Amino acid sequence: MMAAMTAPADLIMVNLDSSDPAAHAAFYADALGWEVTHSQAEYAMIAKDGTSIGFGLVPDYRPPAWPDEGGAKRYHLDLYVDDLAEAQKRFVAAGASRPEHQPGGDRWVVLLDPIGQPFCICPRPQG
């Protein structure tokens, strides 16, 4: 049996480029049930349990195309949900959109957040 090792680092924050930091943060705060801890035109942040996501203004931000196999996708988030159909309705009502290209079948749904960045909703594992 291997001895437990202390990790050399702990993730405290992820920062994402955005065309509208305040709205971007509000969308993900609602989606994740996190708190908006800072919100200005240039930068916004959400947090829960000591981990944060920051959203920084990038002038002339352009989201990646979806799908775009040769493009430069910057990131995407995968979110567990209890009900794919219900979560999709909620996120679309909050400003997301559902692109035509859906590679996940019934395993996940790709959505585009309000600034056009792809994210996936996945059924929460049972048991």
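Report follows, based on the coordinates. All values derive from a computational prediction rather than experimental measurement.

The rules we used
Residues numbered from 1 in each chain as written. Predicted model: local features only at pLDDT ≥ 70, side-chain atom pairs only at ≥ 80, totals over all residues. Heavy atoms only, no water. Helix = DSSP H or I, 4+ residues; strand = E, 2+ residues; numbered from the N terminus. Buried < 20%, exposed > 50% of the residue type's maximum accessible area, 1.4 Å probe, protein only. Contact = heavy atoms within 4.5 Å. Areas by Shrake-Rupley, 256 points an atom, 1.4 Å probe, with all protein chains shown as cover. Arc of directions from axis to C-beta. Polar contact = N/O pair within 3.5 Å; in protein donor to acceptor, adjacent residues only side chain to side chain. Pairing = 2+ DSSP bridges. Axes fitted to C-alpha atoms, helices over the stretch in contact; angles between N-to-C directions. Expected span 1.5 Å × (residues − 1).

### Some thoughts on the overall build of the chain
Item 1. Helices and strands together make up the secondary structure of the chain, namely two helices and seven strands.
Item 2. Overall, the chain shows an N-to-C arrangement of helices and strands of β-α-β-β-β-β-α-β-β.
Item 3. Projected onto its principal axes, the C-alpha coordinates of the chain cover approximately 50 × 40 × 30 Å.
Item 4. In the chain, buried positions account for 33% of the 127 residues.
Item 5. For the chain, restricting intrachain contacts to residue pairs at least 6 apart in sequence, the fraction spanning at least 24 positions comes to 50%.
Item 6. Here the chain displays about 8200 Å² of accessible surface, and carbon together with sulfur accounts for 53% of that area.

### A short note on helix α2 (residues 84–93)
Each α-helix winds once per 3.6 residues, and so residues spaced three or four apart point in a common direction.
Item 1. Turning to α2, its buried residues number three or more, namely L84, A87 and F91. For α2, the angular spread of the buried residues around the axis is 65°, confining them to a single face. Away from its buried face by more than 90 degrees, α2 exposes K89 and A93.
Item 2. Each element contacted by the buried residues of α2 is listed here: α1 (21–32), β5 (77–81), β6 (109–112) and β7 (118–123).
Item 3. Backbone nitrogen of A85 and a side-chain oxygen of the N-cap are separated by 3.0 Å at the start of α2; the cap is D83.
Item 4. Trailing α2 by a residue or two, G95 shows a phi angle of about 120°, which is positive.

### Comments concerning the sheet that holds strand β4 (residues 51–57)
Item 1. The mixed open sheet is built from four strands, whose spatial order is β1-β4-β3-β2. Edge strands, defined here as strands with exactly one partner in the open sheet, are β1 (13–18) and β2 (35–39). The average undirected angle you get between the axes of adjacent strands in this sheet is 20°.
Item 2. The strands touched by α1 within the sheet are β1, β2, β3 (43–48) and β4, with β3 carrying the most contacts at an inclination of about 15°.

### Considerations on α1
Item 1. Relative to the 16 Å expected for twelve residues at 1.5 Å per residue, α1 spans 16 Å between its end C-alpha atoms, a close match to the ideal helical length.
Item 2. Along α1, the residues that are buried comprise P21, H24, A25, F27, Y28, A29 and A31.
Item 3. Downstream of α1 by one or two residues, G33 has phi in the positive range, about 75°.

### Comments concerning the pairing of β6
Item 1. By the alternation rule, side chains of β6 split into V109 and L111 and V110 and L112, which are all buried.
Item 2. Of the strand pairs in this sheet, β6 and β7 are connected by four bridges, and their pairing is antiparallel. If you follow L111 over to β7, its bridge partner there is F119.
Item 3. Following β6, the chain reverses through five residues before pairing antiparallel with β7; G116 in that reversal takes a positive phi of roughly 95°.

Read these as geometric descriptors, not functional statements.
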